[in-house]
Amino acid sequence: MKFNRSYFIGFLVLISIEASIALFVKDGFVRHTLGDFLVVILLYCLIKSFFNIKPIVAAWLVLVVATFIELGQYFDLLGKLDLAENPVARLVLGTTFSIADLLAYLAGIVVVVIVEKTRNSHLNP
């Protein structure tokens, strides 16, 4: 485990953007799609801030977790755990299943992988 300042700064920037979206954008593309696209990048940056694991491993881990959370929405996990009225659980786990969310997560991870491959090819010519 080794702290990576660059990834952590990316995480802080993205959490600020996500918080702004949550507070000030109530509907539309930015709230429903861009927010989901950015959240997987945010989680990727958080993981890479503290764990020196290969980018592809971190990317897969984030995509699998995001997919399971979305599937939990499909199967009403919050209701089954009696957390449907808990605002923190609703924020973290979400409430409504959407295929579009899964596609946004996938797009975010694809961007992460492309950026990492490009970055690494420039660092190791």
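Before reading on, note that the structure itself is shown above.
Basis of the calculations
- Residues numbered from 1 in each chain as written.
- Predicted model: local features only at pLDDT ≥ 70, side-chain atom pairs only at ≥ 80, totals over all residues.
- Heavy atoms only, no water.
- Helix = DSSP H or I, 4+ residues; strand = E, 2+ residues; numbered from the N terminus.
- Rg over C-alpha atoms; globule rule 2.2 N^0.38 Å.
- Contact = heavy atoms within 4.5 Å.
- Areas by Shrake-Rupley, 256 points an atom, 1.4 Å probe, with all protein chains shown as cover.
- Lys, Arg positive; Asp, Glu negative; His and termini not counted.
- Charge placed at Lys NZ, Arg CZ, Asp CG, Glu CD.
- Buried < 20%, exposed > 50% of the residue type's maximum accessible area, 1.4 Å probe, protein only.
- Phe/Tyr/Trp six-rings, centres within 6.5 Å; stacked < 30°, edge-to-face > 60°.
- Core = buried A, V, L, I, M, F, W, Y, C linked by side-chain atoms within 4.5 Å.

(A) Region of interest: the overall build of the protein. Along its length, the protein carries six helices and zero strands. Across the protein, helices and strands are ordered from the amino to the carboxyl terminus as α-α-α-α-α-α. Taken against the 2.2 N^0.38 rule, which gives 14 Å for 125 residues, the C-alpha radius of gyration of the protein at 15 Å falls within 12% of a compact globule. A sequence separation of at least 24 residues applies to 63% of the contacts in the protein between residues at least 6 apart. Carbon and sulfur atoms provide 71% of the accessible area of the protein, an area that totals close to 8300 Å². Seen as two clouds, the 10 positive and the 9 negative side-chain charges of the protein have centres 15 Å apart.

(B) Looking closely at unusual backbone geometry. The backbone of Asp76 shows a phi angle near 55°, a positive value even though the residue is not glycine. Relative to the helices and strands, Asp76 resides in the loop between helix 3 (55-74) and helix 4 (77-80). Classification of Asp76 by relative accessible area gives partly exposed; the value is 42%. In the Ramachandran plot, Asp82 falls in the positive-phi region, its phi being about 60° despite a non-glycine side chain. Along the chain, Asp82 turns up in the loop between helix 4 and helix 5 (87-93).

(C) Highlighting the packing of aromatic side chains. For the coordinates displayed, the defined rule picks out seven aromatic pairs. Seen in terms of ring centroids, Tyr7 and Tyr44 are 6.1 Å apart; in terms of plane orientation they differ by 75°. Their pairing is edge-to-face. Here Tyr7, found in helix 1 (residues 5-24), pairs with Tyr44, found in helix 2 (residues 29-50); they are 37 residues apart in sequence, far enough to count as distant. The two residues Tyr7 and Tyr44 agree in class, both being buried. Aromatic pair Phe8 and Phe50: ring centres 5.9 Å apart, planes at 75°, arrangement edge-to-face. Taken together, the positions of Phe8 in helix 1 and Phe50 in helix 2 put the pair 42 residues apart, joining distant regions of the chain. Here a set of aromatic residues connected by ring pairs shows up, and it is made of Phe3, Phe8, Phe11 and Phe50.

(D) Representation of the nonpolar core in the model. Membership of the largest hydrophobic core comes to 19 residues, with the highest contact counts inside it found for Leu14, Val40, Ile41, Tyr44, Cys45, Val62 and Ile109. Put simply, the parts of the chain that give this core at least two residues each are helix 1, helix 2, helix 3 and helix 6 (99-123).

(E) Structural view of the environment of Leu12. One can find Leu12 in helix 1. Here Leu12 falls in the partly exposed class, since its relative accessible area comes to 38%. Through-space distance from the C-alpha of Leu12 to that of Tyr44 is 12 Å; in sequence the pair is 32 residues apart.

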